[in-house]
Amino acid sequence: MKTVRLALVGVGNVGQRLLTLIDERRETLSKEYQLDFLLTCVADSSGVAMNDSGFELAALVCHKASRGRLAELPEFCAGLSFTDALERASCDILLETSPLDLETGDPGLANSRAALQQGMHVVLANKSPLALAHSELLDLAAKNDVGILYSATFCGGLPVLNVIRRDMVCGNITRFRGIFNGTTNFMLAEMLAGNDYASALQQAQDIGAAEADPSFDVGGWDTAAKLVIAANQFCDPMISLPDVDVTGIKNVSASDLQNCRQEGKSIKLVASAELIDDTWGFKVEPKAVPTESFLGSCNGWEMGVVIDSDIFGKSFYKLREDEPIPTAASVLRDAVHLATGGRQASL
Ligand SMILES: NC(=O)c1ccc[n+]([C@@H]2O[C@H](COP(=O)([O-])OP(=O)(O)OC[C@H]3O[C@@H](n4cnc5c(N)ncnc54)[C@H](OP(=O)(O)O)[C@@H]3O)[C@@H](O)[C@H]2O)c1
């Protein structure tokens, strides 16, 4: 049995579900993978708590689910920064589930850099570090002989990054499109059904799917960050956020949705990477697609991806994720891969 010491940043929607999964699947982790996950260092917006023997996960989740702060726990380390805590904790894997920040990338970017520099593997649900510093982090991981995996950053539980990296051997992607944000897809469906924008957004927040700052969802930036992360699996040179032309759904009205519906079309927030004259172009925009098409058939909490390739045909991927368990499961999957020796980005 291998004991794996975990550090977790963020105990919100994803973090709490992740801890619950680790607790519930402890026997599977032990029997099938010979792993014993021990959470010894954890951070929320109030600071860091440490427990060298491992936190009791159900109690921690219960505390956070009832709006408790880590600062209220006896294990809280007042005044200790997370990066200093990492040095003390000697963990094996950092799990990063703090909020999206596409200006500075922090705290996720600073935490990822610190962990990699200290020789820890990193698993990301937070897209910011990759959206802003993908190649730097890959280099840091290689230099320190550790892995960084991030399958949860792209469409939650949909294992598309893994398919690109692992399965499209010797292939080239020639077009990549999809609906990558469940919150906006749900909001558009609700607005078409006659519900208003604000109450649709509130519902998405209530189930824990919307970003902490929902302007990232409705402004198209969450989708753009995912497009950057996916494109960097197959585009050379790598791209960054300013390469994407981004329009969100704020100006889409219920009457736009209804008029399109009468013409057999549905408005979706579509992300695309298209090759035009051998040059890639990247866009996120509300687009009217035929309702009968694959993307037109992705409704509400469904996300969908279409990949055109030279030797692997045209493939279609769809996931319904109406709460963040699949995202948490993807973080767990990556942690298991790293703990059992898998290093490939998004293997
Ligand atoms: N929700 C989803 O369906 C989903 C899907 C895919 C990816 N993601 C990504 O996963 C990440 C987490 O999402 P979420 O829905 O779990 O967010 P969330 O519910 O808002 O939780 C965020 C957590 O991060 C903590 N936090 C905030 N600022 C911090 C700081 N400076 N240092 C340490 N911790 C800090 C918060 O602390 P408090 O508890 O004290 O507020 C909270 O525990 C985001 O980056 C998001 O983009 C989410």
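Note: the structure precedes this text.
Residues numbered from 1 in each chain as written. Predicted model: local features only at pLDDT ≥ 70, side-chain atom pairs only at ≥ 80, totals over all residues.

Novice: In this structure, what is going on with the site of the ligand? I would like to understand it.
Specialist: Taken together, the neighbourhood of the ligand is formed by 28 residues, with G10, G12, N13, S45 and N126 sitting nearest. Within the residue set of the shell around the ligand, elements represented by two or more residues are helix 1 (13–24) and strand 2 (35–44). A per-element tally of the shell around the ligand places helix 1 first, with 3 residues. Looking at the shell around the ligand, its residues break down into 12 nonpolar, 12 polar and 4 charged. (Near = placed C-beta within 6 Å. Helix = DSSP H or I, 4+ residues; strand = E, 2+ residues; numbered from the N terminus. Nonpolar A, V, L, I, M, F, W, Y, C, P; charged D, E, K, R; others polar.)

Novice: How should helix 4 (residues 82–89) be read in this particular structure?
Specialist: Owing to its 3.6 residues per turn, the α-helix aligns residues three or four sequence positions apart on the same side. Considered for burial, the residues of helix 4 that qualify are F82, A85, L86 and A89. Down the axis of helix 4, the sector holding all buried residues measures 105°, keeping them to one side. (Buried ≥ 20, exposed ≤ 12 C-beta atoms within 10 Å, placed from the backbone. Arc of directions from axis to C-beta.)

Novice: Mind showing me how you'd approach helix 11 (residues 221–234) here?
Specialist: For helix 11, which comprises 14 residues, the first-to-last C-alpha distance of 20 Å matches the rise-based estimate of 20 Å (1.5 Å per residue) to within 8%. Taking burial as the measure, the 14 residues of helix 11 include 13 buried ones, the bulk of the element. (Expected span 1.5 Å × (residues − 1).)

Novice: Is there a simple way to think about the sheet that holds strand 7 (residues 173–179) in this case?
Specialist: Pairing between sheet strands relies on hydrogen bonds along the backbone, with the strands arranged either parallel or antiparallel. Across the sheet, which stays open at both edges, the 6 strands sit in the order 8-10-9-7-11-12 with mixed pairing between neighbours. Pairing within the sheet leaves two strands with one partner each, and these edge strands are strand 8 (244–246) and strand 12 (314–320). Geometrically, the sheet is characterised by an average inter-axis angle of 20° between neighbouring strands, direction not taken into account. With 4 bridges connecting them, strand 7 and strand 9 (residues 265–276) associate as antiparallel partners. Residue pairing for strand 9: R175 is matched across the bridge by E274. Seen against the sheet, helix 8 (residues 182–192) touches strand 7, strand 9 and strand 11 (302–309) and runs at an angle of roughly 145° to strand 9. (Pairing = 2+ DSSP bridges. Axes fitted to C-alpha atoms, helices over the stretch in contact; angles between N-to-C directions. Contact = placed C-beta atoms within 7 Å.)

Novice: Would you mind showing me how to read the pairing of strand 2 here?
Specialist: The two faces of the sheet receive side chains in turn, since in a regular strand these alternate between them. Counting buried residues in strand 2 gives 7 out of 10 residues, a clear majority hidden from the surface. Here strand 1 (residues 2–9) pairs with strand 2 via 8 bridges, running parallel. Along strand 2, the bridge assignment pairs A7 with C41. Note: strand 2 against strand 3 (residues 47–50), 4 bridges, orientation antiparallel. Counterpart to D44 in the pairing with strand 3 is G47.

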